[in-house]
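Residues per chain are reported as follows:
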Amino acid sequence: MRYAETGYNLEIDLSRGSVDKVETDPKETALHLGGNGIAAKMLFDRVPPGTDPFSPDNLLIFGNGLLNGTCVPGANRVAVNTIAPLNGLMGHSLMGGMFGAEMKMAGYDRIVLRGKAPDLVYIAVHNDKVEIRDATHLREKGMYDTARLIKEELNDSRVWVAAIGPAGEHKAFLASIDCGNSSAARTVGPVMGDKNVKAIAIRGTKDVNLAHPAELWEMCSRLRKELNANPNVGDWMAVDEDDSFHHNNFSWGNARVRRKTFWSASLEERWRNLKYDHMSRQTGCWNCPKACHNVIKWPNRRRFSYKCYGKDTFHMASFQELDFTYEILGVSQDLGLDSYSTPQTVAFALELLDAGILTEKDFPGMPTDVRGRYYHLLHKIAFREDIGDILADGVSHAAERIGKGAEQFDHNTVKKFEQLPIKLGKLNPAYYLMIATGEDMAITQIEGSFPQDPILDPELREEFISKWDAVPDQKFVEWFRQWQKRDQLPDDAMVAIVDWNECMHYLDDSLGFCGFVSSFRGQFGGTTGYHVWNMPKVITHATGMEFDKDRLWECFQRNRNMVRALNIRLGLKRSMERPPEDHWAVRNEEYEQLLLSKYYDFKGWTFDGTPTKETLERLSLGYVAEDLIKRGILAEDDVTALNDPRAKKEKE
């Protein structure tokens with residue numbers, strides 16, 4: 001008997017119309033846990049390099065976190081993975097809510113889509129009953145109507161529907177997959193659209209077996225109470241009305257303008273009233289005590305929910321106020337557009353218009369007022385009409401297609417992903433490494449364990465340290481004690497900090513934990529729900545596999561190197577690993593490159609960022625090394641970065 005996992009994948013070949021329930025190998029779980037770890041292995045094994053993301057041979061994988069559907073609080077994230085059209089690398093997105101637990105209770109650890117349906121379909125899953133149904137009547141329907149109509153058609157109000165809107169159908173690179181109050185942003189929506197899948201509707205009523213249920217229940221009962229009482233976990237933006245940090249420090253418009261004194265007490269009071277006058281309730285994800293989603297009913301709009309910085313993106317991009325976000329965010333969600341990249345892309349287009357690179361002829365029928373222009377361009381992007389056909393590819397691709405100097409206005413993308421609009425005066429070494437080398441979509445999927453800034457007051461610093469249960473090694477405490485300025489820590493400390501930050505996110509993404517109760521929240525207050533000391537006990541009680549901190553850390557390293565090898569094989573190069581040119585006002589190219597080499601060396605990678613044969617074999621990934629050697633990407637005797645002659649020149 002398999003514990004915590006079902007032991008089965010649901011494999012659907014859309015070209016053939018076949019449905020297979022495939023038993024999986026428990027050894028893979030022991031090595032990779034679940035989520036994005038196993039998905040990366042599947043993509044490496046089954047999607048040859050050179051495969052077009054819009055090829056039927058590409059896979060779209062909905063991968064449950066190992067602990068989803070169990071009594072473990074805060075475990076509900078589904079990793080949605082594919083080869084992304086945006087940049088040709090592994091696309092990794094996360095979806096919370098209820099879909100993962102429902103999938104697990106239906107009897108599946110993963111849903112794997114391959115091929116391409118001849119016309120629009122949706123997939124209906126009720127335990128062992130799986131149907132590929134006609135969805136042509138849902139063509140170009142929004143997210144809300146799609147979910148409603150499918151529930152009516154299945155005569156089941158409790159089914160959970162993960163769907164794309166018009167943006168996904170038209171393969172806009174900004175498209176998301178939405179399910180209730182959660183979404184898998186960018187990278188994956190256009191692939192689902194290309195496969196002609198409008199939605200997956202899932203309902204599960206099976207039990208999830210546990211190895212040591214009494215012990216796990218006792219531990220989880222305590223953890224749930226601790227999470228509920230801990231003010232440092234969960235999304236603070238759901239309950240704290242002081243959002244001066246984002247508005248005064250992040251950049252507005254096309255990530256250009258910083259408004260350092262925007263926030264005020266009167267503004268905060270006005271926005272607080274605006275929120276609570278229109279908020280229906282607060283909701284959360286499966287089995288989580290934190291209600292992080294604010295549900296808003298705005299006049300003449302459908303109810304929608306938001307969390308975190310998604311609250312700010314539209315009004316900051318358009319230089320408006322919160323009422324505009326409440327007005328437009330639900331519309332954007334219904335179209336199936338991501339709320340992070342879409343506002344930046346619209347702001348980019350309007351800035352090109354102001355600069356004369358684009359003209360009024362490029363925007364036929366566009367209103368003259370700012371709010372009207374945003375609505376207009378949202379629909380153009382979602383349906384790929386007129387200029388929207390170009391903008392639907394995101395800022396980086398759009399700039400390349402437009403030309404005429406538009407490339408100079410693409411200043412907030414890394415590996416073609418729009419980043420959070422954070423602009424700094426000088427280099428922050430750890431954040432440079434995270435932004436440059438991250439293989440997810442944004443810094444929020446990398447940072448979180450180590451504080452962003454030092455605490456200068458000795459008493460407050462020691463108070464932080466006293467609560468810092470998550471710290472994996474005493475060396476991090478000593479580095480934190482000596483830290484006085486943001487950019488002044490030894491290089492080896494910066495590299496190790498990045499490694500720890502990555503570790504927590506990779507573990508979350510394979511186990512199913514939400515970053516708001518784990519990886520992302522450790523930087524605030526020193527306390528978080530999950531860390532490398534209590535995760536092993538949870539895994540052991542749930543699965544029966546004996547885990548400790550060292551074995552868990554090795555799983556992180558294995559998954560990190562699996563993703564890295566996959567992306568290297570797909571064309572990732574060192575030259576692509578750099579932040580936007582104006583991310584810091586003062587750049588030091590020589591030091592940045594030296595720091596990058598030190599990070600590569602720490603990871604056991606070559607000067608070009610490829611895991612060495614020794615590194616891969618140590619992590620039971622020898623077959624990956626053999627593949628890279630066979631393809632001429634890696635040599636048998638390749639050395640780590642700092643042993644390369646090119647790195648020695650950097651030092652000199």
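Residues numbered from 1 in each chain as written. Predicted model: local features only at pLDDT ≥ 70, side-chain atom pairs only at ≥ 80, totals over all residues. Heavy atoms only, no water.

**Side note on the packing of aromatic side chains**
Formally: Planes of paired rings set the category: under 30 degrees apart is stacked, over 60 is edge-to-face and the rest tilted, where pairs are Phe, Tyr or Trp rings (Trp by its six-membered ring) whose centres lie within 6.5 Å. Burial classification: accessible surface area is computed with a 1.4 Å probe over protein chains only, and a residue below 20% of its type maximum counts as buried, one above 50% as exposed, and the rest as partly exposed. Note on geometry: a ring has a charge over it if NZ (lysine) or CZ (arginine) is within 6 Å of the ring centre and within 35 degrees of the ring normal.
Evaluation of the coordinates by the stated rule reveals 33 aromatic pairs. Arranged with centres 5.2 Å apart and planes meeting at 70°, the rings of Phe 464 and Trp 468 form a pair that is edge-to-face. Across the pair, Trp 468 and Phe 464 agree in class, each one buried. Members of the aromatic cluster, joined through ring pairs, are Phe 450, Phe 464, Trp 468, Phe 476, Trp 479, Phe 480, Trp 483 and Trp 500. Sitting over the ring of Phe 547, Arg 551 keeps its end group 4.1 Å from the ring centre. Its end group placed over the ring of Phe 44, Arg 569 keeps NZ or CZ at 3.9 Å from the ring centre.

**Details of the sheet that holds strand E2 (residues 18–23)**
Here is the rule we go by: Only when DSSP finds a minimum of two bridges between them are two strands counted as paired. The secondary structure listing takes helices from DSSP runs of H or I that are at least 4 residues long and strands from runs of E that are at least 2 residues long, numbered from the N terminus. Between N-to-C directions, angles span 0 to 180 degrees; the directions come from axes that are lines fitted to C-alpha atoms, helices contributing only their stretch in contact. Two residues qualify as a contact provided that any one of their heavy atoms is within 4.5 Å of a heavy atom in the partner residue.
Here six strands make up an open sheet; going across it, the order is E2-E1-E6-E3-E4-E5 and the pairing mixed. With one partner strand each, in any of the chains shown, E2 and strand E5 (90–95) form the two edges of the open sheet. The average angle at which neighbouring strand axes cross in this sheet is 15°, direction not considered. Where strand E3 (residues 60–64) meets strand E4 (residues 78–83), four bridges bridge the pair, whose relative direction is antiparallel. Paired with Asn 64 across the two strands is Val 78, which belongs to E4. Contacting E3, E4, E5 and strand E6 (110–114), helix H3 (residues 99–106) crosses the sheet at an angle of about 85° to E3.

**So, the packing of helix H7 (residues 213–229) against helix H20 (residues 535–543)**
Our working definition: An angle counts as roughly parallel when it lies under 35 degrees, as roughly antiparallel when it exceeds 145, as roughly perpendicular when it falls between 65 and 115, and as oblique in every other case. Each crossing is labelled by how the near helix is turned from the far one, with a counterclockwise turn of less than a right angle marking it left-handed and a clockwise turn marking it right-handed. For this classification, Asp, Glu, Lys and Arg are treated as charged, while Ala, Val, Leu, Ile, Met, Phe, Trp, Tyr, Cys and Pro are nonpolar and the rest, including Gly, are polar.
Packing of H7 against H20 brings their axes to within 9 Å, and their N-to-C directions diverge by 140°. Taken as axis vectors, H7 and H20 run oblique relative to one another. Here H7 and H20 pass one another in a crossing that is left-handed. Taken together, the residues of H20 that come into contact with H7 (itself represented by Glu 215, Leu 216, Met 219 and Leu 223) are Lys 537, Val 538, His 541 and Ala 542. Class assignment for the residues of the contact of H7 with H20 results in five nonpolar, one polar and two charged.

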